[in-house]
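What follows is the residue order along each chain.
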Amino acid sequence: MDTGIKIIHNIKGFLSEDEGQTLYEYARIVSRSGPCLEIGSYCGKSAFYLGTACRETGNVLFSIDHHHGSEEQQPGEAYFDPAVFDCQPFCIDTFPYFRRTLARAGLENTVVPLVCRSELAARAWNTPLGLVFIDGGHSYPAVKMDYDVWHKHILPGGYLLIHDIFQDSVQGGQAPYDVYRQAVSSGNFKEEPMVGTLGILRKIAGM
Ligand code: MG
């Protein structure tokens, strides 16, 4: 993907260029079979990569985020960014940044923003998905919930991608890695080589 380099450098986020490029490449293949879905839009960095791929194949990306920030992004926490803090309702609000990214990247006719919690969006979900990317809240209950409610919607041959996989607890929180191991143990997914901290699992069976 050689377009949008200027855009991507101006989007806040925690995804490396290698990881983003990998999201793009997998989405470009699987979005021919089914739409893609991500949990954790934040300011639109991963939506830029996934959405660009979906635009090329004529499919859509569903992007879920309540836009009030995950636990580690709240005031006083390690990933708090005062730029996205709104003093009036006294909360994080990343939705304006996300919308701006979609407009600048020309993705408003490709990305479907779902501004709510992941489990609410899943409650009446019935559409098979080519790819699910989990990068929402990083506590164990949050990652586990995202996995539990979404993995069953991935088509056989589709992909489950999980960000922030740290095999060594010194490098980062273990919740995404714990859930990644559970997915492997289920027998429904096959591991592919990681890229940075991006875990890549191919759905081989099960619903
Ligand atoms: Mg992440």
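Here's a quick rundown of the structure. (Residues numbered from 1 in each chain as written. Predicted model: local features only at pLDDT ≥ 70, side-chain atom pairs only at ≥ 80, totals over all residues. Heavy atoms only, no water.)

Relative to the helices and strands, Pro 96 is located in helix α4 (residues 95–104). Judged by relative accessible area, which is 35%, Pro 96 ranks as partly exposed. Considered as a pair, Pro 96 and Cys 43 are 53 residues apart in the sequence and their alpha carbons are 8.1 Å apart. (Helix = DSSP H or I, 4+ residues; strand = E, 2+ residues; numbered from the N terminus. Buried < 20%, exposed > 50% of the residue type's maximum accessible area, 1.4 Å probe, protein only.)

It is worth spelling out the pattern of salt bridges at this point. Enumeration over the complete set of coordinates arrives at 5 salt bridges. The partner of Arg 28 in a salt bridge is Glu 56, with the nearest N and O atoms 2.4 Å apart. One end of the pair, Arg 28, is in helix α2 (residues 17–30); the other, Glu 56, is in helix α3 (residues 45–57), and 28 residues separate them in sequence. For Arg 28, a relative accessible area of 34% puts it in the partly exposed group. The exposure class assigned to Glu 56 is partly exposed, which follows from its relative accessible area of 40%. Its salt-bridge partner being Asp 148, residue Lys 144 comes within 3.0 Å of it at the nearest N-O pair. (Salt bridge = Lys/Arg side-chain N within 4 Å of Asp/Glu carboxyl O.)

One number sums up the size of the largest pocket: a volume of about 860 Å³. Lining the largest pocket are 42 residues; nearest its centre among them are Ser 70, Glu 72, Gly 136, Gly 137 and His 138. When residues of the lining of the largest pocket are traced back to their parent elements, those giving at least two are α3, α5 (118–122) and α6 (140–150). Sort the elements by how many residues they give to the lining of the largest pocket and α6 lands first, with 4 residues. Class assignment for the residues of the lining of the largest pocket results in 14 nonpolar, 18 polar and 10 charged. (1 Å grid on protein atoms, 1.4 Å probe; cavity = no way out; pocket = protein on both sides within 12 Å on 5 of 7 lines; lining within 4 Å. Points joined across faces, edges and corners; volume = space filled by probe spheres on them. Nonpolar A, V, L, I, M, F, W, Y, C, P; charged D, E, K, R; others polar.)

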